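# Report on the structure
So you can see what is in the structure, the chains are spelled out below.
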Amino acid sequence: MAVEVVEAEVEMLAAGLVELPAADELETGAGAVGAVLDELEVEVADEAGASVPRETDSGLSVGPWEQAARRVSVAATVIRRPSIGFLMVVLDGGSHHPIGVMWVTQQDFPRFPLPFGVMRITKFGHACVRIEHDNATLVVDPGGLTDAEAVDGATGVLITHEHFDHYSADHLRRVDAPIFTVAGVAAAIAASAPDLSERVTVVAPGETFTVSGVTATAIGEQHAVIHPELPMIDNSGFLFDLAGTAVFHPGDSLVVPTQKVDLLLAPASAPWLKASEAVEFVRAVAAARNVPIHDAIYTAPGHGVLDNLMNNLAVPRGLEWTRVAVGEDVPGL
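Residues numbered from 1 in each chain as written. Predicted model: local features only at pLDDT ≥ 70, side-chain atom pairs only at ≥ 80, totals over all residues. Heavy atoms only, no water.

Now for the overall build of the chain. When helices and strands are counted, the chain shows seven helices and 18 strands. Here the chain, with 333 residues, has 52% of them falling under the buried criterion. In the chain, 49% of the contacts between residues at least 6 apart in sequence involve partners at least 24 apart. Summed over its atoms, the accessible surface of the chain is roughly 14500 Å², and 53% of this surface lies on carbon and sulfur atoms. (Helix = DSSP H or I, 4+ residues; strand = E, 2+ residues; numbered from the N terminus. Buried < 20%, exposed > 50% of the residue type's maximum accessible area, 1.4 Å probe, protein only. Contact = heavy atoms within 4.5 Å. Areas by Shrake-Rupley, 256 points an atom, 1.4 Å probe, with all protein chains shown as cover.)

Close approach of charged atoms allows side chains with opposite charge to pair. Across all of its chains, the model carries 12 salt bridges by this definition. Linking Arg173 and Asp170 is a salt bridge whose minimum nitrogen-to-oxygen distance equals 3.0 Å. In this pair, Arg173 and Asp170 are both assigned in helix α4 (residues 169-173), three residues apart and thus about one turn of the helix distant. Note on Arg173: relative accessible area 37%, which makes it partly exposed. (Salt bridge = Lys/Arg side-chain N within 4 Å of Asp/Glu carboxyl O.)

What follows is about the nonpolar core. In this structure, Ile121, Ile131, Leu138, Leu158, Phe209, Phe238 and Phe240 are the most contacted members of the largest nonpolar core, which totals 25 residues. Mapped by element, the contributors of at least two residues to this core are β6 (119-123), β7 (129-133), β8 (136-140), β12 (208-211), β13 (214-219), β14 (237-242), β16 (263-267) and β17 (289-293). If we ignore the near neighbours within four places in the chain, the residues touching Leu158 are Leu138, Val139, Val140, Asp141, Pro142, Phe180, Phe209, Phe238 and Phe240. Counting residues in hydrophobic clusters, the runner-up holds 23 residues, among them Val261, Leu264, Ala278 and Ala314. (Core = buried A, V, L, I, M, F, W, Y, C linked by side-chain atoms within 4.5 Å.)

Each aromatic ring pair is summarised here by two numbers: the centre-to-centre distance and the angle between the ring planes. Applying the stated criterion across every chain yields a total of three aromatic pairs. Note on Phe180 and Phe209: the rings are 5.4 Å apart at their centroids and 15° apart in plane angle, and the pair reads as stacked. With Phe180 in strand β10 (residues 179-181) and Phe209 in strand β12, the pair connects residues that are 29 residues apart, well separated along the chain. Judged by its relative accessible area of 10%, Phe180 falls in the buried class. Of the aromatic side chains, those joined through ring pairs into one cluster are Phe180, Phe209, Phe238 and Phe240. (Phe/Tyr/Trp six-rings, centres within 6.5 Å; stacked < 30°, edge-to-face > 60°.)

On to the side chain of Thr181, then. Relative to the helices and strands, Thr181 resides in strand β10. Using a relative accessible area of 0% as the deciding quantity, one classes Thr181 as buried. Setting aside chain neighbours within four positions, we find Thr181 in contact with Ile159, Ala186, Val200, Thr201, Val202 and Val203.

For the rest of this paragraph, the subject is the pairing of β6. The buried count for β6 comes to five of five residues, which makes it a mostly enclosed element. Residues of β6 alternate between two faces, with Met119, Ile121 and Lys123 on one and Arg120 and Thr122 on the opposite face, all of them buried. Bridging between β6 and β7 involves five bridges; their strand directions are antiparallel. From the neighbouring strand, Thr122 faces β7, where its bridge partner is Arg130. (Pairing = 2+ DSSP bridges.)

Strand pairing in a sheet is mediated by backbone hydrogen bonds. Such pairs are either parallel or antiparallel. A sheet is described by the order of its strands in space; here seven strands give the open sequence β12-β13-β14-β15-β16-β17-β18, paired in mixed fashion. At either margin of the open sheet sits one strand with a lone partner, and together these are β12 and β18 (320-321). Note that β14 and strand β15 (residues 245-249) share five bridges and pair antiparallel. Looking across to β15, one finds that Leu239 is bridged to Phe248. Across the sheet, helix α6 (residues 275-285) lies against β15, β16, β17 and β18, angled at about 165° from β16, the strand it touches most. (Axes fitted to C-alpha atoms, helices over the stretch in contact; angles between N-to-C directions.)

Let's shift gears to the sheet that holds β8. Judged by pairing direction, the sheet is mixed, and its six strands sit side by side in the order β6-β7-β8-β9-β10-β11 without closing on themselves. The open sheet is flanked by β6 and β11 (200-202), the only strands paired with a single partner. The mean angle between the axes of side-by-side strands here comes to 20°, regardless of whether they run parallel or antiparallel. Of the pairings in the sheet, the one linking β8 to strand β9 (residues 156-159) comprises three bridges and is parallel in character. Within the sheet, the bridge partner assigned to Val139 lies in β9 and is Val157. Relative to the sheet, helix α5 (residues 183-192) contacts β9, β10 and β11, its axis offset from that of β11 by approximately 145°.

So, on to the environment of Val139. Positionally, Val139 belongs in strand β8. Taking the C-alpha atoms as reference, Val139 lies 10.0 Å from Lys123; in sequence the two are 16 residues apart.

A word on α6. Turning to α6, its buried residues number three or more, namely Ala278, Val279, Phe281, Val282 and Val285. All buried residues of α6 fall inside an arc of 160° around its axis, so they share one side. At the C-terminal side of α6, Ala286 shows a positive phi close to 60°. (Arc of directions from axis to C-beta.)

Spelled out as structure tokens, the structure:
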């Protein structure tokens, strides 16, 4: 974390985004910060997004954020809480005592940068996933069932197909990032949101392209069959090469890539999907790690049914199945 970033935080505080409590209204010392974090159930993260050790007795242990904060007279340390934004604990640079606590959204304050070689994948609502790697922040399928904040800070947006739960023109207008998508979505944008068309790049099935320095390949051509009497639409999933780790988002399709997949973002509920098909897709792709997405139409008991099937039919084959809550990061990357 650079000093300039810390100073920018202080400038934001000085701009009066929120009114901080007086210093005498808060306990002092690292323990006070730890108490606040415990109360809010917030996990402290360092520059790499890894958990910073926290000791029960002393509260917050000194980590990279605190070390940087000491370099200025009044500084802030940032603790990210996915789906909400950031908790900023304002510290006195001399005594290192907390003098205030505030929340800011991702729009007010960008997510802290990751060092090169570090990957972060965050599940947002339904089929939306955010992938951060090196200088790239890619958002896939920010549709009508996910919060608009999912696209904040994106350097590239990818849309697998035109259905409302995967594509939202309003969400795309929130950022200036380039849009990579299939011909059907490009046509829909031209017809209903022409102001976005100049940012659209059409990718063909099987095409390999680069977005924000990340290599991606379009997989498949059509949406899975919902009903034989309904017209078919374009759908291409995206296979990302993240420094040798292959991550696949299929959109609404069960096309199995010929390439090896390390992490599958697996459709888990849909009007075009049976539970048995979901299991067979996970088995066929054979990714060591599988994270369910496309899950907004099931209730918690429905999720439990599929999880039980996966645990019995896929996990014994060495295919890990890890459900991730909305706004949370895929663990262990």
